[in-house]
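Here is how the chains run, residue by residue.
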Amino acid sequence: MRKDFLWGGAVAAHQVEGGYDKGHKGLSIADVLTAGDVHTPREITDGIQEGKFYPNHEGIKFYDHYKEDIQMFREMGFKCLRTSIAWSRIFPKGDEKDPNEEGLKFYDDLFDCMLENGMQPVITLSHFEMPYYLVKEYGGWRNRKMIDFFYNFCKVVLDRYQNKVKYWMTFNEINNQMLVENDLYPFTNSGIIFEKDEDRLPVVYQAVHYQFVASALVTEYAHKLNSNIQTGCCVAATPNYPNSTNPDDILLAQSEDRKLLMFTDVQIRGHYPNYLLNEWKNNGYQFDITDQDLEVMAKGTVDYLGFTYYMSNTVSADPNVKKLGDDLQGNYAVDNQYLKTTDWGWAIDPKGLRYIMNMYQDRYEIPMFIVENGFGYADKFEDGKIHDQNRIEYLKAHIEEMKKAIEEDGCDCIGYTVWGCIDPISFTTGEMKKRYGFIYVDRNNDGSGSYKRYKKDSFYWYKKVIETNGEEL
Ligand code: BG6
């Protein structure tokens, strides 16, 4: 393993900060999401409504606790911490000319604190939380005007933090919104609320196009601003396996993989791949894409491939094979007999990590950064102790496969950050009980609790992993 390997953890502003109305922050789309659970989807409400519960409003109070939390990350030896900037702290409505100084000051202090404690900030510019006003007033990323609003926001924060932050990413898991049947993803990725009976896929493709342009503009700006800055894309890397050797399944897995690969193809190669252009043509889709957009996209290609990894997906083209029917995995997903799942139904597949790393290495030959991987579990809290051996096993197995990909296969990977290094609010369900951290936060699903922090067994385990640069697992 390289000596400067970036071991660390990852969170996102809306899932930990809380203080949703502090420091003149505006409402973000995460602030109008209620809590759900494994069987109940989160509701997107029309503004904040009385009597509804919004778990992200308090988060885990990282806004007030971050100094204490960063001390604990330091104790584990973190080399980096990935988090995001809440756009609505900087531009409360999103379309203002001038930024909110209080919001900027908060991130100045936060990044200083990280640097003083020996960890590099790794920053996502948009992690599921654009200002809600942009949704109501402009329709979110349906609207080309979003490119300018996002670009202005990014310029302000890049200018301000260029000497504190080297690693940036534009859109978190930009590919999630391809799961168009699930209302949550197009909303959290792009602020899209579908109209009744609307043909959803072309709406999302158009929004994605505007994001590609915005991302490329920001990347190009960052490159010109400071040659030290590295800008990456971020995709949720869920590879698709064919359920059988039937060529129909093989072809299906290939076409499902393209829904993921199109994002890195564009952001790394700088142009739309032929398979996608062809799909649009065959469907008669016509989008607002200008020649100037295409030029921008060609110039603003990313420096590294950031990706999150939680699971693989197994797909079957056979109508007689029972589908999971879970819109997180898409319409063709089936059970994989070789893999166990978490209590939230996510297939545990460490080898899938090695597989996708190799796929990326072969296809793009640019550095990759694993910016999320983690195990969601309802930890048991017993007398101030949390024995999370299952989390240790999960992470150990994934790190082993990552090491094989790097050392045996030659993949160029610059870092690995464990998702939810301190228990965050779950994104998909809004629960607290789906915990990921090395640090337990005493907060319950309903928001009650002391918010006190406790070290889990995995805390001490990960400290060793970092200390030995992944030798001792
Ligand atoms: C990724 C997101 O999809 O997975 C995170 O980038 C999210 O925001 C993480 O929290 C885990 O998902 P969940 O639903 O278990 O919190």
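Residues numbered from 1 in each chain as written. Predicted model: local features only at pLDDT ≥ 70, side-chain atom pairs only at ≥ 80, totals over all residues. Heavy atoms only, no water.

By the naming in an unreviewed UniProt entry, the protein goes by 6-phospho-beta-glucosidase and is assigned to Faecalitalea cylindroides ATCC 27803. Word for word, the UniProt comment on the protein under Sequence similarities (unreviewed entry) is "Belongs to the glycosyl hydrolase 1 family." (UniProt positions renumbered as here; feature names shortened; annotations may be inferred.)

Attention now moves to the side chain of Ser426. Considering the arrangement of structural elements, one finds Ser426 in the loop between strand E11 (413-419) and strand E12 (439-441). Accessibility expressed as a relative area gives 4% for Ser426, which makes it buried. Within polar-contact distance, the side chain of Ser426 engages the side chain of Thr429 at 3.0 Å. (Helix = DSSP H or I, 4+ residues; strand = E, 2+ residues; numbered from the N terminus. Buried < 20%, exposed > 50% of the residue type's maximum accessible area, 1.4 Å probe, protein only. Polar contact = N/O pair within 3.5 Å; in protein donor to acceptor, adjacent residues only side chain to side chain.)

We now examine the UniProt feature "active site" (unreviewed entry) in the protein. Sequence positions flagged by UniProt for "active site" (unreviewed entry) are, in local numbering, Glu372. The topology assignment puts Glu372 in strand E10 (residues 368-372). In this structure, Glu372 is in contact with Ala10, Arg82, His127, Asn172, Glu173, Phe307, Thr308, Tyr309, Tyr310, Thr417 and Trp419, ignoring residues within four places of it in sequence. Side chain to side chain, Glu372 and Arg82 meet in a polar contact 2.8 Å long. (Contact = heavy atoms within 4.5 Å.)

Time to look at the site of the ligand. Taken together, 14 residues lie near the ligand, and Glu173, Phe427, Thr428, Lys434 and Tyr436 sit nearest. In the model, an oxygen atom of the ligand is placed 2.7 Å from a nitrogen or oxygen of the Gln15 side chain. The side chain of Tyr310 places a nitrogen or oxygen atom 3.4 Å from an oxygen atom of the ligand. Burial of the ligand by the protein amounts to 97% of the accessible area it has alone, namely 380 Å². Its atoms largely coinciding with the cavity grid, the ligand occupies the largest pocket. Of the residues belonging to the shell around the ligand, the class tally is six nonpolar, five polar and three charged. (Near = heavy atom within 4 Å. Areas by Shrake-Rupley, 256 points an atom, 1.4 Å probe, with all protein chains shown as cover. 1 Å grid on protein atoms, 1.4 Å probe; cavity = no way out; pocket = protein on both sides within 12 Å on 5 of 7 lines; lining within 4 Å. Sits in = over half its atoms within 2 Å of the grid points. Nonpolar A, V, L, I, M, F, W, Y, C, P; charged D, E, K, R; others polar.)

The tally for this structure, following the rule as stated, stands at three cavities of 30 Å³ or more. Of the pockets and cavities examined, the largest cavity occupies roughly 70 Å³. Around the largest cavity, the lining residues are Ala13, His14, Glu17, Gly18, Tyr20, Lys25, Ser28, Asp31, Asn56, Ala86, Arg89 and Glu129. Among the residues forming the lining of the largest cavity, the class breakdown is three nonpolar, four polar and five charged. In this structure, the second largest cavity encloses a volume near 50 Å³. Forming the walls of the second largest cavity are Phe212, Ser215, Ala216, Thr219, Val266, Gln267, Met297, Gly300 and Val302. Element by element, the count of residues in the lining of the second largest cavity is highest for helix H8 (residues 200-225), at four residues. The residue makeup of the lining of the second largest cavity, split by class, is five nonpolar, four polar and no charged. (Points joined across faces, edges and corners; volume = space filled by probe spheres on them.)

Attention now moves to the side chain of Glu173. Here Glu173 lies in the loop between strand E4 (167-171) and helix H7 (184-190). Here Glu173 occupies a buried position and makes no salt bridge, while the nearest side chain of opposite charge, Arg82, is found at 6.6 Å. Aside from chain neighbours lying at most four places away, what touches Glu173 is Phe128, Asn189, Cys234, Val235, Ala236, Thr308, Tyr310 and Glu372. (Lys, Arg positive; Asp, Glu negative; His and termini not counted. Salt bridge = Lys/Arg side-chain N within 4 Å of Asp/Glu carboxyl O.)

With that settled, the discussion passes to the packing of aromatic side chains. The final tally for this structure, using the stated rule, is 44 aromatic pairs. Centroid distance Trp87 to Phe153: 5.2 Å. Interplanar angle 10°. Geometry classified as stacked. With Trp87 in helix H3 (residues 87-90) and Phe153 in helix H6 (residues 145-161), the pair connects residues that are 66 residues apart, well separated along the chain. Phe153 matches Trp87 in its accessibility class, with the two residues each being buried. Ring geometry for Tyr138 versus Phe149: centroids 4.9 Å apart, planes at 65°, classification edge-to-face. Linking Tyr138 in helix H5 (residues 132-138) with Phe149 in helix H6, this pair joins segments that are 11 residues apart in sequence. Taken together through their ring pairs, the aromatic side chains of Phe5, Trp7, Phe73, Phe78, Tyr416, Phe438, Trp461 and Tyr462 make up a single cluster. (Phe/Tyr/Trp six-rings, centres within 6.5 Å; stacked < 30°, edge-to-face > 60°.)

Now for the pairing of E4. Most of E4 is tucked away, with five of its five residues classed as buried. Pairing geometry for strand E3 (residues 120-126) and E4, over four bridges, is parallel. Across the sheet, Thr124 pairs through a bridge with Met169, a residue of E4. Alignment of E4 against strand E5 (residues 230-236), held across three bridges, turns out to be parallel. Within E5, the position partnered with Met169 by the bridge is Gly232. (Pairing = 2+ DSSP bridges.)

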